[in-house]
Structures are given as structure tokens and as C-alpha cells.
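Take a look at the letters that make up each chain.
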Amino acid sequence: MQGFLNLNKSAGWTSHDCVAKVRRLLKLKRVGHAGTLDPAATGVLPLAVGKATRLLQFLPSQKAYRATIRFGVTTTTDDLEGETLTTQKVPELKLEQIQAILPHFLGKIEQIPPRYSAIQVQGKRLYDLARQGKVVEIPKRTVEVFDIKVLDWHSREFPELELAIHCGSGTYIRSIARDLGEMLHTGATLANLVRTQSSEFCLEESLTIEALEMQIQQGCFQPISASVALKHLKAMTLNSAEDAKRWCQGQRIVCESENTTPSILRVYHPDGLLLGLGQLIFNDSQSVLSPQIVLTESEVALNQGKAN
């Protein structure tokens, strides 16, 4: 079995917990995840099973979240999982004040990750250093936020703002919450987070662990094919079964292409079987397709050609 799973992660589960559970359910060792999701967060966690784990790095990196930010509170972890550092009631805070500074968080921005995060500093995870009481300088990272929209506003002693955030890989929503509070001089922390999209997998089409277990018991579970998960990559079909055999054996194939820029492509057998991913390069005025990830054994590709 190989392919992808659009998992709806429950609160309290780590990404590693989800991988371990799916391994047991599918009785497979090769299961991996894309884009770690904090234990307190819920929503889309893309998983790959079988040989598809080699394709995780090629999934689209953009993500979308629905975040609730609570003002007047700061914590050690920049969310409600941590210890409270400060509290101040701010019933006078207005939505208009927040809307005026939201544009500062759009585009390519510099961001300091939370002290409790998986970022490595000096060869160690930040959350390990924080738990040991060690204070280290956390380097800024450049991330990209494509869009922020206000979904709801709750005016109260500790006001809450609900946002839809569309961003690139590596963006910490906890840091956005913390930095919003700092700019407003009120303090803020992340109260709730749902990932609504990751790598083009959306929440509406996701499966909970319970639904996955039921499908497996009923014998109807089918992983999402690599062709669907990697549809953002252009495709190339080889001209012959012999080319498919050679390519699967690691040989470069001279091909025709209108592309003039090196790129990663989905590579198909003439009969429609996905063979893997190849890199299109140019050598001596020729287009050459070099194997990068081979998913299908050469014998399988050859036999498919003979069978037709």
C-alpha cells in the first residue's frame, strides 16, 4: 500500500502519536507526516504511507488556519497550554485598532518562533531547552503570510479575535498572536487553532482516526494516490515501455519538452502507471529526464507494457 491520508488530528495528539496510531491500524512501518501540528491544535495533518513517504518533501508547502487569539493574556508557550505570565483586562480594546495593524503581518515578515517549539538551536530543540530552564537567543526567521481575514470579534474583558490565515511553511501562528499583543501593548496568546488546509488537503475532506479505523475494519480504506496529491507538479508520459524500464533502472531518458526551465515532473508509463518523479534538465540542447524518486519497480513497468 502506498499513497496519502488526509487526517483530521484531534486535540491532545502529537503528530508522532498520529503516525504511530496509523502504523498500527494499517500494519505498516513506513508512515510519515508533513507539517508538524502542535498537540493542542486540530485539523489537517497530511500523512504518507508506504513508498509515498519519499514524496512528502514534494507536497505544496502552503497552509491555512482558523485561529482564535485572546488579548490581555501572555503565556510561556504563546498559547493556553503554557503557564500564564501576565493578565490584564482590556475591555476597551477595539477591533478597529487591530485591523489597523494586521497589514504588518502580511507578505514576507521576520518572526521569532515560540520558546516552546521544535526549532533547533545549538543542536537542541527549543522546547527541550525551555523545559531545562535555559534561556537562549532565538534567531529570527523569514516567513510568508499571504492573507489574513477577520472572521469574528468578541468584545469582553479578555477580548477574542478569530482570524483566517493563509501562509507559507514554517509560519508560527502562536508568534503572530504574541506579536499582535505586543504591538497593541495588551499582551495576547493563541486560544485555539484549527488547520483548515495543508499541502492542498482540506479539512472538509479529512478523516478522523475513528473514521479511518472504521474504513479499515470495513475493508474500504483507499489512500489518496500520489497523482492526486502531487497534481501541482507537471506530468510527462514516457514514449515506450522500454523507456519506462530504463528510467526505472535509473537511466536518463532523452525526451521532448516545451519547458526550458529545470523542473520536477510526475513521470508515467505509456499505460498510465505513475512511475515516480523525475527532474527535467537540459544537456547539449536536449531535454533529459533524470530519475529522482522511483516508486514502481522496473519489472512491474515492463510487465505492464507486455500485458497490453
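Quick caveat: nothing in here was measured; it's all calculated off a predicted structure.

### Remarks on unusual backbone geometry
- Look at aspartate 78: it is not a glycine, yet its phi comes out positive at around 65°.
- Positive phi is not limited to glycine here, since serine 199 has a value of about 55°.
- Along the chain, the position of serine 199 falls in the loop between strand 12 (188-198) and strand 13 (201-202).

### Focus: the UniProt feature "active site" (unreviewed entry) in the protein chain
- Following the UniProt record, the feature "active site" (unreviewed entry) maps to Asp38 here.
- Tracing the backbone shows aspartate 38 in the loop between strand 2 (31-33) and strand 3 (42-49).
- Residue classification places aspartate 38 among the partly exposed residues on the basis of a relative accessible area of 24%.
- Dropping the residues within four chain positions of it, aspartate 38 is found in contact with Lys9, Trp13 and Arg174.

### Digging into helix 4 (residues 173-184)
- Given a rise of 1.5 Å per residue, 12 residues ought to cover 16 Å, and the 17 Å separating the end C-alpha atoms of helix 4 matches this to within 8%.
- Burial within helix 4 is extensive, with 10 of its 12 residues counted as buried.
- Buried residues of helix 4: Ile173, Arg174, Ser175, Ile176, Ala177, Arg178, Asp179, Leu180, Gly181 and Leu184, and no others.
- On the buried face of helix 4, the contacting elements are strand 4 (63-71), helix 2 (95-101), strand 7 (107-111), strand 10 (141-154), strand 11 (160-167) and strand 12.
- Just downstream of helix 4 lies histidine 185, where phi reads positive at about 60°.

Conventions adopted
Residues numbered from 1 in each chain as written. Predicted model: local features only at pLDDT ≥ 70, side-chain atom pairs only at ≥ 80, totals over all residues. Heavy atoms only, no water. Helix = DSSP H or I, 4+ residues; strand = E, 2+ residues; numbered from the N terminus. UniProt positions renumbered as here; feature names shortened; annotations may be inferred. Buried < 20%, exposed > 50% of the residue type's maximum accessible area, 1.4 Å probe, protein only. Contact = heavy atoms within 4.5 Å. Expected span 1.5 Å × (residues − 1).

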